[in-house]
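Chains, contacts and geometry: an overview
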Amino acid sequence: MRTKLFKLMSLLGIALLVAFLAPQRAAADDDDPPSRVARLGYTHGAVSFQPGGTDDWVSAVVNRPMTTGDKLWADQDGRAEMHIGSASLRISGNTGFSFLNLTDDITQLRVTEGTLRVRVKRLDDNETFEIDTPNLAFTILRPGIYKVNVNEAGDTTVVKVVSGQGEVTGGGSAYTVHPEETGIFTGTDELSADVEESNDEGDDFDSWCSQRDHREDNSVSARYVSTDAIGYEDLDEYGGWRPVPEYGTIWFPHTAVVGWAPYHYGHWAYIAPWGYTWVDDAPWGFAPFHYGRWVTVDGAWGWVPCAPRPVAVVGVAYVRPVYAPALVAWVGGPHFGIGIGIGGGGGFAAGVNVGWFPLGPREVYVPSYPVSRTYVNNVNVSNTTVNTTVVNNYYNTTVVNRNTNNTNVTVNNQHYINQGVPGAVSATTPQAFTSAQPVAKNTVAFNQREVAAAPVESRTPAVAPAKQAVLGSGAVAVARPPAALQTRAVVAKSAPPPPPPTFAKQQQAIQANGGRPLAISQVRQIQPATTQAARPNIKIAPPSKPATPQNLQANRPGQPVNNANRPVTPNNANQPINNGNKPGNPQVNTPPANTPANASQKTFNDRPPAARPATPPANPQLEQQHQQQVQQLHQQQDQERQKVDQQQQQERQNLQKQQADEARQKQLEEQHNQQLQQLQQKHQQEQQNLQQKQQQEHQKASKPPKEEKPPKEEKPHGKQ
């Protein structure tokens, strides 16, 4: 009797915990996970990875999605590359890196030591991009290329702005770093700033980064797929594009495996808050497995991509592709695990395996993690062509009414198009599924007729993961960061969220939730409190005031001297600025009231005016002559600029009329930029020559005339 009572009380306790943790049927927008992740797309040498909420370091695995709390360590010979939307992140050897926060609008990175190079192609008005180091927080204000280096001691950070603009905050001071400038910031409680023009040509790491940038910029795949679909640049090397009736231009991978099919060669990792996530083995295996859909054409598998970003078309709404953990449907029946884990959340019934197949075009993906109706709509319309009414029907059926068994459910009066394709369905053991084991090495044989007529489940099987599923398929890491780096504090301008809960807490909560992934609101209930004690490695920067570096701009080498009427324009002045309305950081300030109307100055409102050397006494006639020479030079330069602008405008119009591809347009813009830079250098040289000539004339005019010496008296002849 006591045993039965004890079991009853245990079941009642579990039921109460489930009721406490269970989200509402239709999740609120606050429970929606981020629509983007970071992809670990390339590694070289020893690179180690630590998932958020764990203390284990494993070897980094390519195609692993990364999010808030995840960490990387590149050892002495290591390098790694990540992508977030249009931004690329690359780290060099002996670098400690992690994500403090990663949402749709916030990217907050932590660098404890080493080198990070960031390239940002686009920056929305409401987007924050912050890099936190042991003595400062660096905020990226404009699209551009940035390099941040932290020394071994953690008391010096070097910030190089190749292009763009950023702000350093720390020690109660704020410094703006402009294009082609390098700032050296030392100290912790107070910053000592030294900002100079960048003169170095870079190192091997910079050359490697430039090569990777060039690879992205010249990708053919950018014509057919959105550049916000992470991993698009890898498709060129491993496949080809060709038009297909009904589906448009789709991508076909070049594979040497007989009978290859998508979602067969990889493993399932558990990544919160999405749950079980497909990690493919192929070097190109990210974009085609988290965006778009798959279809067979004449017996070959092809990927139907998400639509490319439109080129400034008025009235066309662009929806950034929403990341999905795996765009598949799940197979049911007596030998496959539909509905497993419900109630106990502990695992699979005896003899039950896990089977799945890729979704086809216009088939609705329904997440197994708690989301809102808006999220379900966005994750589908941004990745495939699907009717909104169909999405709503699926949402009402599978999310609101909890009818997860989609037996005989059709899309546009058709069954799932890939379910009956030979070789489309893949199946593995429950042990392999829940512990990140390779699917190809743990394949389960099944009857093709059985799966072709089996019921289909839109949701991932509900079962709590083993710890190995969170760690992934990487082996135990040999290279790990020094203990001091793992606990080293960094300065943050924006307060990051609390750290992820430990895996033990998450696993317990998932089991109590019937094996289903936790909602964002449920995770907050088991997260550490947002206090300084919970984040000892985060120091919020005190309120800061604009400050001036120790070395003024006038003392920097390479600056033109005393050329207030026509100083040099920055080399990147002709680059488009997508974030020009960032408050408090205008590109250039207004010329002074006494500046001539045609004057253009390289000055910034956050910097003091350059000190000007004293000039010799004015000669009215000479000054008038010099002024005429300057005006003539300006007129000549303006005419040359207008000629170049007219030529560029004519070429752009011709290019638009001919509807040339983006690659040609980009090449033309690069050519234009080179022309402008050459013209700018020519103008600078002309100004320097004119300045030297005028200075020589000033010096010549200021010298007094030489006095004639009186003739020597001749002594009379004959005197002794």
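Quick notes on the rules
Residues numbered from 1 in each chain as written. Predicted model: local features only at pLDDT ≥ 70, side-chain atom pairs only at ≥ 80, totals over all residues. Heavy atoms only, no water. Helix = DSSP H or I, 4+ residues; strand = E, 2+ residues; numbered from the N terminus. Buried < 20%, exposed > 50% of the residue type's maximum accessible area, 1.4 Å probe, protein only. Contact = heavy atoms within 4.5 Å. Areas by Shrake-Rupley, 256 points an atom, 1.4 Å probe, with all protein chains shown as cover. Salt bridge = Lys/Arg side-chain N within 4 Å of Asp/Glu carboxyl O. Expected span 1.5 Å × (residues − 1). Arc of directions from axis to C-beta. Polar contact = N/O pair within 3.5 Å; in protein donor to acceptor, adjacent residues only side chain to side chain. Core = buried A, V, L, I, M, F, W, Y, C linked by side-chain atoms within 4.5 Å. Phe/Tyr/Trp six-rings, centres within 6.5 Å; stacked < 30°, edge-to-face > 60°. Lys NZ or Arg CZ within 6 Å of the ring centre and 35° of its normal. pLDDT = per-residue confidence, 0-100. Pairing = 2+ DSSP bridges.

**A look at the overall build of the protein chain**
Each helix and strand in the protein chain was counted, giving 14 helices and 30 strands. The proportion of buried residues among the 720 residues of the protein chain is 48%. A separation threshold of at least 6 residues defines the contact pool for the protein chain, and within that pool the share at least 24 residues apart is 68%. Surface exposure of the protein chain reaches about 35,100 Å², of which carbon and sulfur atoms provide 50%.

**Focus: the pattern of salt bridges**
Two side chains of opposite charge can pair, provided their charged atoms sit close to one another. Summed over the entire model, instances satisfying the criterion amount to 21 salt bridges. Ionic pairing is found between Arg 36 and Glu 127, a salt bridge with its closest N-O pair at 3.5 Å. Residue Arg 36 is found in the loop between α1 (2–21) and β1 (38–44), and its partner Glu 127 is found in the loop between β9 (106–120) and β10 (128–132); the two are separated by 91 residues along the sequence. Since its relative accessible area comes to 8%, Glu 127 is described here as buried. Within this structure, Glu 81, Arg 90, Arg 117, Arg 119, Lys 121, Arg 212, Asp 213, Glu 216 and Asp 217 form a network of salt bridges that share partners.

**Topic: helix α2 (residues 204–217)**
Its 14 residues place the ends of α2 20 Å apart at the C-alpha level, agreeing with the 20 Å of an ideal helix rising 1.5 Å per residue. Taken together, the buried positions of α2 are occupied by Phe 205, Asp 206, Trp 208, Cys 209, Arg 212, Asp 213 and Glu 216. Buried residues of α2, seen end-on, are gathered within an arc of 160° and therefore sit on one face of the element. Across α2 from its buried face, at more than 90 degrees, point the exposed residues Asp 204, Gln 211 and His 214. By the N-cap criterion, in which a side-chain oxygen at the helix start approaches the backbone nitrogen of a residue two or three places on, α2 is capped by Asp 203, the distance to Phe 205 being 3.2 Å.

**A few points about the nonpolar core**
Counting residues in each nonpolar core, the largest one holds 71 residues, and the members touching the most others are Tyr 263, Trp 268, Tyr 291, Trp 294, Trp 303 and Trp 356. Excluding residues within four positions of it along the chain, Tyr 263 makes contact with Trp 278, Pro 288, Phe 289, Trp 294, Ala 326, Leu 327, Val 328, Trp 356, Pro 358 and Ser 426. Formed by 42 residues, the second largest nonpolar core is a distinct cluster that contains Ala 60, Ile 140, Val 148 and Phe 185.

**A word on the environment of Ala 222**
Within the element layout of this structure, Ala 222 appears in the loop between α2 and α3 (235–238). As for Ala 222 and Glu 233, which are separated by eleven residues in sequence, their C-alpha atoms are 7.4 Å apart. In this structure, Ala 222 is in contact with Thr 227, Tyr 232 and Pro 308, ignoring residues within four places of it in sequence.

**Remarks on the packing of aromatic side chains**
All chains considered together, the criterion is met by 27 aromatic pairs. Relative to Phe 99, the ring of Phe 97 has its centre 5.1 Å away and its plane inclined at 85°; by these criteria the two rings are edge-to-face. Classification of Phe 99 as buried rests on a relative accessible area of 2%. For Arg 212, the ring lying beneath its charged end belongs to Tyr 42, and the centroid distance is 4.7 Å. It is Arg 242 that lies over the ring of Phe 252; its NZ or CZ is 4.0 Å from the centre.

**Examining the confidence of the model for the protein chain**
Caution is warranted with low-pLDDT regions, since their predicted coordinates should not be read in detail. Scored by pLDDT, the protein chain comes out at a mean of 79, with 69% of its residues at no less than 70. Under a pLDDT of 50 for its full length, residues 403–414 has, in the predicted model, 30 contacts with residues more than four places off or in other chains. Throughout residues 552–618 the model reports pLDDT below 50, and contacts reaching past four residues in sequence, or to other chains, amount to 109 contacts.

**Looking at the sheet that holds strand β25 (residues 354–358)**
Strand order across the open sheet formed by four strands is β26-β25-β24-β27, with antiparallel pairing between neighbours. With partners counted over all chains shown, the strands left at the sheet margins are β26 (426–428) and β27 (456–457), one partner each. As judged from the two bridges shared by strand β24 (residues 328–331) and β27, these two strands associate in the antiparallel manner. Residue pairing in the sheet places Val 331 in a bridge with Val 456 of β27.

**Quick word on the pairing of strand β12 (residues 144–150)**
Counted residue by residue, β12 has six buried out of seven residues, so it is predominantly covered. Bridge analysis of β9 against β12 gives seven bridges, and the strand direction is antiparallel. Residue Leu 116 lies in a different strand from β12, and its bridge partner there is Val 148. Across six bridges, β12 lies against strand β13 (residues 156–163) in antiparallel orientation. By the bridge assignment for β13, Val 148 is matched with Val 159.

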